[in-house]
There are 2 protein chains.
Amino acid sequence: MCEANVYLIDKEGKEQLILESVDKVIPSEEGVLLENIFSQRKTVKAKIKEMALVDHRIVLEDL
Amino acid sequence: MCEANVYLIDKEGKEQLILESVDKVIPSEEGVLLENIFSQRKTVKAKIKEMALVDHRIVLEDL
């Protein structure tokens, strides 16, 4: 499976794991909607900073 | 491998394949930088509309 782990990076550069095994990522004006393969959903007030899919890694940063 | 194919959707809803086997996706003010597993790079004047990683699918839309 090709899901990714989603991390939120703060202003000091520290990363926090937000949601594992994420399949769907939908950005919007209010933030980013995440849905993982277990149908868990989270909306994070952030934007996408970078994604490295081969490393299963998506990094968000505060809006 | 868990790379994805990146499509650009136009205002009529038609999709065009932009780059295959994409590993890295980095959004910026000017658009989205894509890099695939063959080190090919493309910058597209677009924003991320949605991603479905299990389907290896990223959809961009015009800025």
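Residues numbered from 1 in each chain as written. Chains lettered and ligands numbered in written order. Predicted model: local features only at pLDDT ≥ 70, side-chain atom pairs only at ≥ 80, totals over all residues. Heavy atoms only, no water.

**Student:** Pulling in residues and values, what's your account of the pairing of strand β6 (residues 57–62) of chain A?
**Tutor:** Two faces make up the sheet, and in a regular strand the side chains alternate between them. All names here are of chain A. The sheet contact formed by strand β1 (residues 4–9) and β6 spans five bridges and is parallel. Residue pairing across strands places Y7 opposite V59, the latter belonging to β6. Pairing analysis gives six bridges linking strand β5 (residues 46–52) to β6, with the strands arranged antiparallel. Following the sheet pairing, I48 is matched in β6 by L60. Adjacent in sequence and paired antiparallel, β5 and β6 are bridged by four residues, among which H56 carries a positive phi angle near 60 degrees. (Pairing = 2+ DSSP bridges. Helix = DSSP H or I, 4+ residues; strand = E, 2+ residues; numbered from the N terminus.)

**Student:** Any chance you could break down unusual backbone geometry for me, citing the residues and the numbers?
**Tutor:** Even without a glycine there, the phi angle at A:S39 is positive, about 65 degrees. By the element assignment, A:S39 lies in the loop between β3 (31–36) and β4 (41–44). Located in the positive-phi region is B:S21, a residue other than glycine, with phi close to 55 degrees. Note on placement: B:S21 falls in strand β2 (residues 15–27).

**Student:** Summarise a nonpolar patch on the surface; cite the residues concerned and give the values.
**Tutor:** Residue and element names in this part refer to chain A. On the surface, a cluster of nonpolar side chains totalling about 350 Å² of accessible area is made up of M1, I37 and F38. Note that I37 resides in the loop between β3 and β4. Classification of I37 as partly exposed rests on a relative accessible area of 33%. (Patch = residues over 30% accessible without salt bridge, like charges linked within 9 Å, V, L, I, M, F, W, Y side chains within 5 Å. Areas by Shrake-Rupley, 256 points an atom, 1.4 Å probe, with all protein chains shown as cover. Salt bridge = Lys/Arg side-chain N within 4 Å of Asp/Glu carboxyl O. Buried < 20%, exposed > 50% of the residue type's maximum accessible area, 1.4 Å probe, protein only.)

**Student:** Residue-level account of the packing of aromatic side chains, with values.
**Tutor:** According to the stated counting rule, one finds zero aromatic pairs over all chains in the structure shown. Sitting above the plane of the A:Y7 ring, A:R57 keeps its charged end 5.3 Å from the centroid. (Phe/Tyr/Trp six-rings, centres within 6.5 Å; stacked < 30°, edge-to-face > 60°. Lys NZ or Arg CZ within 6 Å of the ring centre and 35° of its normal.)

**Student:** Please give an account of the interface of chain B and chain A that cites residues and values.
**Tutor:** A common way to report how large an interface is uses the accessible area buried once the components associate. With 20 residues of chain B at the contact, the number on the chain A side is 20 residues. Roughly 1,700 Å² is buried in total at the junction of chain B and chain A, and carbon and sulfur atoms are behind 68% of that figure. Together, B:C2, B:M51 and B:L53 form the three largest contributors to the area buried by chain B at its contact with chain A, with a combined 39%. Counting the contacts that link chain B with chain A gives zero salt bridges. (Contact = heavy atoms within 4.5 Å. Buried area = accessible area lost by both parts, 1.4 Å probe.)

**Student:** Before we move on, could you go through the environment of A:E20 and cite the residues and values that matter?
**Tutor:** Along the chain, the position of A:E20 falls in strand β2 (residues 15–28). Other than its neighbours up to four places away in sequence, A:E20 contacts A:A4, A:N5 and A:N36.

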